Structures are given as structure tokens and as C-alpha cells.
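# Observations on the three-dimensional arrangement
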Amino acid sequence: QQQVKQSPQSLIVQKGGISIINCAYENTAFDYFPWYQQFPGKGPALLIAIRPDVSEKKEGRFTISFNKSAKQFSLHIMDSQPGDSATYFCAARSQGGKLIFGQGTELSVKP
Amino acid sequence: DAGVIQSPRHEVTEMGQEVTLRCKPISGHDYLFWYRQTMMRGLELLIYFNNNVPIDDSGMPEDRFSAKMPNASFSTLKIQPSEPRDSAVYFCASSLSSQNTGELFFGEGSRLTVL
């Protein structure tokens, strides 16, 4: 009920390509779905987030697609750059403010 | 603002020793979270506080782990006695409930190695 499943575990993309990371959840009471980006030696930082009443949100090269009926959401990184190489975590917030994270995806963008 | 401040950044200790990790949240934030990050298990929520009160400690792995928040500007996570399997990066994060996004602000983590 509280799990958020993320795939793939790792991803290699060529510069300029599209990176796609997928997440699935079970608890329909989740009310907020953020993505966090983490660079080595640093804490995760909020990248972009979406609420379940919206199907898509775009901020620059980053887009979240949300499918409420399938209980799935994904992060698309357009025109991927080497500077995007990091670990990405999807997350879901339950009532009371508890944020549950996926397992993480290590993205490597090759020049 | 200085952000979430954690100390120590690195800790190496021997099995059986007591470990205390410290966190100073962002001033004015009313939620504080402790997470543990490992390769195998990813980011696990250990415990979180609202207005200094523990709300959910179901993620605390064992009685060897304890957390306190004596005031709005300080929290500790203690492991006693420590074991090699406790080796991980421990993150503290804070947030402001009135902020619509509910964004968590993370510290840079405390890397714990138990030999």
C-alpha cells in the first residue's frame, strides 16, 4: 500500500536524447507526486512535482506525465545533457505529509 | 537561509559504539524527517516530526534507533549499539506545512560507516 515502484534502476542516454523514468503506486490516497534529483555527495533536491488532478506538467526540458487510472507517472527529460547525469527519485505523499520514495534511477548522459 | 545543516558529514565507528547524528532544520519549518539511504533499499523514511512531536516512527528499524527533537531548531538520531548493517547515508529534511508544494529540503547527509 505504501510502496512506490520505480524503473529502470539505471539508464544510459546519448546527449540530446530523451530520458524516461517510470513509477507506479498503489495507494490512491497519495495527493502529491514529486521528482527529486540527487547529485553525488548531495542531498536530493526537488525537480518538478504534480498533483493527481493534472495529467501533465512541463518545466523546461522536464515533463511529468500522470495516469491516475493506471496509478502510474513518469518523468521525461528532453534533449538530455551530461549535466543531467544524476540519480532521480520519484515520490508520493500520503496524508499527514509522509513522503515515500521510489528506489531511484541512476541516469548517465553520454556526450 | 543556510539550509538544513547536518553533522557530522562523515562518521567511522566500531561495532557496538554509540552514534549520534545531528540536524538543524530550516528556520520556521514545522516538519522534520530522517531518511536513510543505501544502495539496496534506496531512501527509507525512518521517522518524522511535526512541531517537534514524533508523528510516525514506523520506519525505525529497531530499538537500537531513537530520535528526538527537543526544540524547533534541533533534532538527533541516535544508534546504540551500532552494527555494520547500519552503514548508510542518513539524511535530515525539513518542510513547511503551509507551503502548497510540500517540498522537502534535504541536508547533505551524514555518511556512517560501522566497522
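Residues numbered from 1 in each chain as written. Chains lettered and ligands numbered in written order. Predicted model: local features only at pLDDT ≥ 70, side-chain atom pairs only at ≥ 80, totals over all residues. Heavy atoms only, no water.

This part covers the interface of chain B and chain A. Taken residue by residue, the interface counts 22 residues in chain B and 18 residues in chain A. Summed over both partners, the interface of chain B with chain A comes to about 1600 Å²; 46% of that surface belongs to carbon and sulfur atoms. Of all residues in chain B, Leu43(B), Phe106(B) and Glu108(B) give up the largest surface area on contact with chain A, accounting jointly for 26% of the area buried on that side. Applying the counting criterion to the chain B and chain A interface returns 2 salt bridges. For Lys98(A), the salt bridge goes to Asp56(B), with nearest N and O atoms at 2.7 Å. Seen at the junction of chain B and chain A, the total is 7 residue pairs in polar contact (both at pLDDT 80 or more). Going through the elements one at a time, strand 4 (31–38) and strand 5 (42–50) of chain B are the ones with two or more residues in the side of chain B that touches chain A. Taken together, the residues of the side of chain B that touches chain A break down into 10 nonpolar, 7 polar and 5 charged. (Contact = heavy atoms within 4.5 Å. Buried area = accessible area lost by both parts, 1.4 Å probe. Salt bridge = Lys/Arg side-chain N within 4 Å of Asp/Glu carboxyl O. Polar contact = N/O pair within 3.5 Å; in protein donor to acceptor, adjacent residues only side chain to side chain. Helix = DSSP H or I, 4+ residues; strand = E, 2+ residues; numbered from the N terminus. Nonpolar A, V, L, I, M, F, W, Y, C, P; charged D, E, K, R; others polar.)

A few words now on the layout of surface pockets. Volume-wise, the largest pocket comes out at about 720 Å³. As for the largest pocket, its lining consists of 30 residues, of which Gln38(A), Thr87(A), Phe89(A), Gln37(B) and Met39(B) are closest to the centre. When contributions to the lining of the largest pocket are tallied by element, the ones reaching two or more residues are strand 9 (86–93) and strand 11 (105–110) of chain A together with strand 4 and strand 9 (88–95) of chain B. For the second largest pocket, the calculated volume is near 410 Å³. Along the wall of the second largest pocket there are 19 residues; nearest its centre are Ile100(A), Phe101(A), Leu43(B), Glu44(B) and Leu45(B). Broken down by secondary-structure element, the contributors of at least two residues to the lining of the second largest pocket are strand 1 (4–7) and strand 10 (99–101) of chain A together with strand 5 of chain B. (1 Å grid on protein atoms, 1.4 Å probe; cavity = no way out; pocket = protein on both sides within 12 Å on 5 of 7 lines; lining within 4 Å. Points joined across faces, edges and corners; volume = space filled by probe spheres on them.)

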